[in-house]
Amino acid sequence: MAGYCGNILRINLTTRTVDTQPLDMALARKFVGGRGLGTSYFQKEVDPNVDALGPDNKMFFTTGPLTGTTAPTSGRYMVVTKSPLSGTIASSNSGGFWAAELKRAGFDMIIVEGRADRPCSISIRNSEVHIEDAETCWGKTVTETTDALLEAFGDPKARVLAIGPAGEKQSMIAAIMNDRYRAAGRSGVGAVMGSKNLKAIVVRGTGKVDSGQPDQTKEVLARMRKKIAEHDVTGKGLPAYGTAVLVNVINEHGVYPTKNFQQAYFETADKVSGETLAEEYLVKNVACYACPITCGRRCVVDGQEGEGPEYETLWCYSASCGVDDLPSVIRANNLCNDYGLDTISAGATIACAMELFEKGFIKPDEIDGPPLKFGSGEAIVEWTRKMGCHEGFGAELAQGSARLAAKYGAPELSMSSKKLELPAYDPRGIQGHGLQYATSNRGGCHVRGYMIAPEILGIPEKLDPLSLEGKATWTKIFQDLTAVIDSLGLCLFTSFALGAEDYRDMYSAITGADITTEDLLKTGERIWNLERVFNLNAGVDPGEDKLPKRLLEEPIPEGPSKGQVHRLGELLPQYYQERGWSAEGRPTEAKLAELALA
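Being a predicted model, the structure only gives us computed values, none of them experimental.

Draft legend 1. Structural view of the overall build of the protein chain. Within the protein chain one finds 24 helices and 17 strands. Compactness check: the protein chain gives a C-alpha radius of gyration of 22 Å against a globular reference of 25 Å for 598 residues, within 12% of the reference. For the C-alpha atoms alone, the extent of the protein chain along its principal axes is close to 60 × 55 × 45 Å. By residue count, 65% of the 598 residues in the protein chain fall in the buried class. Across the protein chain, the fraction of contacts at a sequence separation of at least 24, relative to all contacts at a separation of at least 6, is 69%. If you sum the accessible surface of the protein chain, you get close to 19,800 Å²; carbon and sulfur atoms cover 48% of it.

Draft legend 2. The pattern of salt bridges, seen in detail. As enumerated under the stated definition, the model contains 49 salt bridges in all. With a shortest N-O distance of 2.8 Å, D147 and R180 are connected by a salt bridge. Here D147, found in helix 4 (residues 142-153), pairs with R180, found in the loop between strand 10 (176-178) and strand 11 (182-184); they are 33 residues apart in sequence, far enough to count as distant. On the basis of relative accessibility, which here comes to 39%, the residue D147 falls in the partly exposed class.

Draft legend 3. Local environment of the packing of helix 21 (residues 517-537) against helix 23 (residues 568-579). Running from amino to carboxyl end, helix 21 crosses helix 23 at an angle of 120 degrees, the nearest separation of the two axes being 12 Å. When the interaxial angle is binned, helix 21 and helix 23 end up oblique. Between helix 21 and helix 23, the contacting residues are E525, W528, N529 and R532 on the first element and Y575, Y576 and R579 on the second. Considered class by class, the residues forming the contact of helix 21 with helix 23 number three nonpolar, one polar and three charged.

Draft legend 4. How the structure looks around helix 23. End to end, helix 23 covers 16 Å across 12 residues, agreeing with the expected 16 Å (1.5 Å per residue, within 8%). Buried residues of helix 23: L568, L571, L572, Y575, Y576 and R579, and no others. Considered in projection along helix 23, the buried side chains sweep an arc of 135 degrees and stay on one side of the axis. Contacts made by the buried residues of helix 23 are with helix 17 (431-439), helix 19 (471-488), helix 21, helix 22 (549-553) and helix 24 (589-594). Directly beyond the C-terminal end of helix 23, a positive phi value near 75 degrees is found at G580.

Draft legend 5. Local environment of empty space enclosed by the protein. Considering all chains together, one arrives at one cavity of 30 Å³ or more under this definition. Volume-wise, the largest cavity comes out at about 40 Å³. Every residue along the wall of the largest cavity is listed here: K418, N441, R532, N535, L536, V540, D541, P542 and D545.

Draft legend 6. Region of interest: the domain arrangement of the protein chain. You can read the domains of the protein chain as domain 1 (7-204), domain 2 (244-420) and domain 3 (427-496 + 514-594). On a C-alpha basis, the centres of domain 2 and domain 3 stand 25 Å from each other. Listed by partner, the interface residues are 26 residues for domain 2 and 31 residues for domain 3. Here domain 2 and domain 3 share an interface that buries about 2,100 Å² over both sides, 64% of which is from carbon and sulfur atoms. Together, F261, K418 and L420 form the three largest contributors to the area buried by domain 2 at its contact with domain 3, with a combined 28%. For the interface between domain 2 and domain 3, the tally reads two salt bridges. Across the pair R550 and E355 runs a salt bridge whose closest N-O atoms are separated by 2.6 Å. Broken down by element, the side of domain 2 that touches domain 3 gets its largest block of residues, four residues, from helix 9 (residues 246-252). Looking at side-chain class alone, the side of domain 2 that touches domain 3 contains 13 nonpolar, eight polar and five charged residues.

Draft legend 7. Helix 13 (residues 343-358), seen in detail. A rise of 1.5 Å per residue sets the reference length of helix 13, with its 16 residues, at 22 Å; its end C-alpha atoms lie 22 Å apart and thus fit the reference within 8%. With respect to burial, helix 13 is a largely interior element, 15 of its 16 residues being buried. G360 sits one or two positions beyond helix 13 and adopts a positive phi of about 90 degrees.

Draft legend 8. The arrangement of the sheet that holds strand 9 (residues 159-162) in detail. One open sheet accounts for six strands, arranged 8-7-12-9-10-11; its pairing is mixed. Two strands in the sheet have a free side with no partner beyond their single neighbour: strand 8 (128-133) and strand 11. Strand-to-strand twist in this sheet, taken as the mean axis angle between neighbours without regard to direction, amounts to 20 degrees. Sheet strands in contact with helix 4 are strand 7 (120-125), strand 9, strand 10 and strand 12 (198-204), and its direction is about 45 degrees off that of strand 12.

Draft legend 9. How the structure looks around the packing of aromatic side chains. Scanning the model with the defined rule gives 16 aromatic pairs in all. An angle of 45 degrees between the planes, with centres 4.7 Å apart, marks the rings of F42 and F534 as tilted. Pair noted here: F42 is in helix 2 (residues 34-45) and F534 is in helix 21, with a separation of 492 residues, a long-range link. Considered together, F42 and F534 belong to a single accessibility category, that of buried residues. Three or more aromatic residues joined by ring pairs form one cluster here, namely Y256, Y311, Y425, Y450, F493 and F496. The aromatic ring of F153 is capped on one face by R125, whose charged end is 3.9 Å from the ring centroid. When the ring centre of W138 is taken as reference, the NZ or CZ atom of K199 above it lies at 6.0 Å.

Draft legend 10. Up close: the sheet that holds strand 13 (residues 282-286). The sheet built from three strands is open, its strands ordered 13-14-15 with antiparallel pairing. Unpaired on one side and paired on the other, strand 13 and strand 15 (304-307) mark the two borders of the sheet. For this sheet the average axis-to-axis angle between neighbouring strands, irrespective of direction, equals 20 degrees. Together, strand 14 (296-301) and strand 15 form the strand contacts of helix 12 (residues 326-339), whose direction differs from that of strand 15 by roughly 70 degrees.

Draft legend 11. The pairing of strand 14, seen in detail. Here strand 14 lies mainly inside the structure; five of its six residues are buried. For strand 13 and strand 14, the ladder comprises four bridges, and the chain directions are antiparallel. Residue pairing across strands places N285 opposite R297, the latter belonging to strand 14. Inspection of the sheet shows strand 14 paired to strand 15 by four bridges, in the antiparallel sense.

Draft legend 12. Broad picture of the nonpolar core. Ranked by internal contacts, the top residues of the largest apolar core, which has 176 residues, are F61, W98, I110, I124, I176 and M506. Sort the elements by how many residues they give to this core and helix 13 lands first, with nine residues. Sequence-distant contacts of M506, that is, excluding residues within four places in its chain, are made with L66, A71, P72, V220, L221, M224, L490 and L498. C137, L149, A158 and A162 belong to the second largest nonpolar core, which has nine residues in total.

Draft legend 13. Examining the layout of surface pockets more closely. There is about 370 Å³ of room inside the second largest pocket. Along the walls of the second largest pocket sit 19 residues, with P460, F478, L481, S495 and L498 positioned nearest its centre. Those elements giving two or more residues to the lining of the second largest pocket turn out to be helix 19 and helix 20 (500-511). In terms of residue count, the dominant contributor to the lining of the second largest pocket is helix 19 (six residues).

Cut-offs applied
Residues numbered from 1 in each chain as written. Predicted model: local features only at pLDDT ≥ 70, side-chain atom pairs only at ≥ 80, totals over all residues. Heavy atoms only, no water. Helix = DSSP H or I, 4+ residues; strand = E, 2+ residues; numbered from the N terminus. Rg over C-alpha atoms; globule rule 2.2 N^0.38 Å. Buried < 20%, exposed > 50% of the residue type's maximum accessible area, 1.4 Å probe, protein only. Contact = heavy atoms within 4.5 Å. Areas by Shrake-Rupley, 256 points an atom, 1.4 Å probe, with all protein chains shown as cover. Salt bridge = Lys/Arg side-chain N within 4 Å of Asp/Glu carboxyl O. Axes fitted to C-alpha atoms, helices over the stretch in contact; angles between N-to-C directions. Parallel < 35°, antiparallel > 145°, perpendicular 65-115°, else oblique. Nonpolar A, V, L, I, M, F, W, Y, C, P; charged D, E, K, R; others polar. Expected span 1.5 Å × (residues − 1). Arc of directions from axis to C-beta. 1 Å grid on protein atoms, 1.4 Å probe; cavity = no way out; pocket = protein on both sides within 12 Å on 5 of 7 lines; lining within 4 Å. Points joined across faces, edges and corners; volume = space filled by probe spheres on them. Domains from an automatic or database assignment. Buried area = accessible area lost by both parts, 1.4 Å probe. Pairing = 2+ DSSP bridges. Phe/Tyr/Trp six-rings, centres within 6.5 Å; stacked < 30°, edge-to-face > 60°. Lys NZ or Arg CZ within 6 Å of the ring centre and 35° of its normal. Core = buried A, V, L, I, M, F, W, Y, C linked by side-chain atoms within 4.5 Å.

Now the structure itself:
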């Protein structure tokens, strides 16, 4: 099929060998690409009980059939591996330009296995691939590494994927960065890369990704761009204010988690909103590869230019930490980018530490930095720096909130699911979204089934966020569709303007494959179930489909959603039934056979 290069690059760091292998096209048809194809290879090659930071864990850098084409937002890739943070499958997504460059170099996927005996990088120039020493880059920030490797590579058009000091130190919340500011952020994938002594992958490609039906592709993609441009979210809100357009929207609904989810309304949210960011600090909009939305924010503070912060980052460093000083939030964001930290987990872990500190679990004489007090802009900046370089108590924070709270005997103060910190929406006032948090295959995640779209934004239709009716069905549909989008190599933001039929049209036009919308969604269901099976085999019991006790038992104290708790106990059985699983939350033999997974 067109859209695929047909090649996998397999690199063994232990033996320092490089091998180009043919892509299994039968698996490509069955799992599309990206997240699905990476998961398929992963579960075939990796023991679910592998040590996530051991040499037997593997990393799959996977693109989709639409990655590197002219389809809108087609610059995405996935990193599939086992998460050291949660023990689940980790499939982290990123944009930018790196993935398109990999496709142009002639590869659909890179499989990295083994462990190098010293710091190294991988250099790809079309079919010419080398493993090179990177000891001079070890210890450098992402920006420093990118600059050094581009100079050494000798081609400014090359693209760099790298880890920062956090990944080198194997922080459980370390991210993989590409194009300086784009992040495969969640699940600790940067730690896995660091455990392999792999600092970076530099790629330059001069090829082209062909379309199976050029005339049809041109017509279909023109129609998609028009829909994206004319939609209020993708054509107006995101270009004007970036993802931070949501700050005031979510706060006004009373579901903006504040002070580690103790509250759900932040009185001074406007000081750290997308509108304020655009008015006072925005230099220009930035787009990823082939993206007409241009939601990226190029901002300057203290004379330093960087990208972001995104909505989630604004939230976790402001409301979640009780801070309304926007420059401090931007500084913390820039540190995360340079040290290679997941901004959500980093900010949420600091918020957890602040509650532990204020309640006396963490003693003042245990910390070697600013007091961990809610509202301290100094604290969020300095503790982010210390987390990034594993300095003093920062090394404790760098392992995430679940391990931190458990160490101090208060695991209930970690606002996480499956040890992954929850993002910027209080599920007590958004029932479907809370169900998605609890059932997500990688833990507390908002981008595995973005129920904010129907429950808050009314896309594709408005649902009552407090009602339970139909939420299991909607959650399943959103989860399956998201798996498809991740596998195609497109940005999830397109789903505000596009529907399942649109993704089918793009996939069929570019690859030449004849597939129905129903079959494409069935592929998404297949991917979701395969991830679930891996987790179960890895010992992640269905009992982990849960939310923090606070969100189930402590009503929101004030604001528009006052008095609400999440009703997970009522929703979970409905969800398992909707999935066709057993009452205990396990895929049945009949379901696996239906999905050709038995």
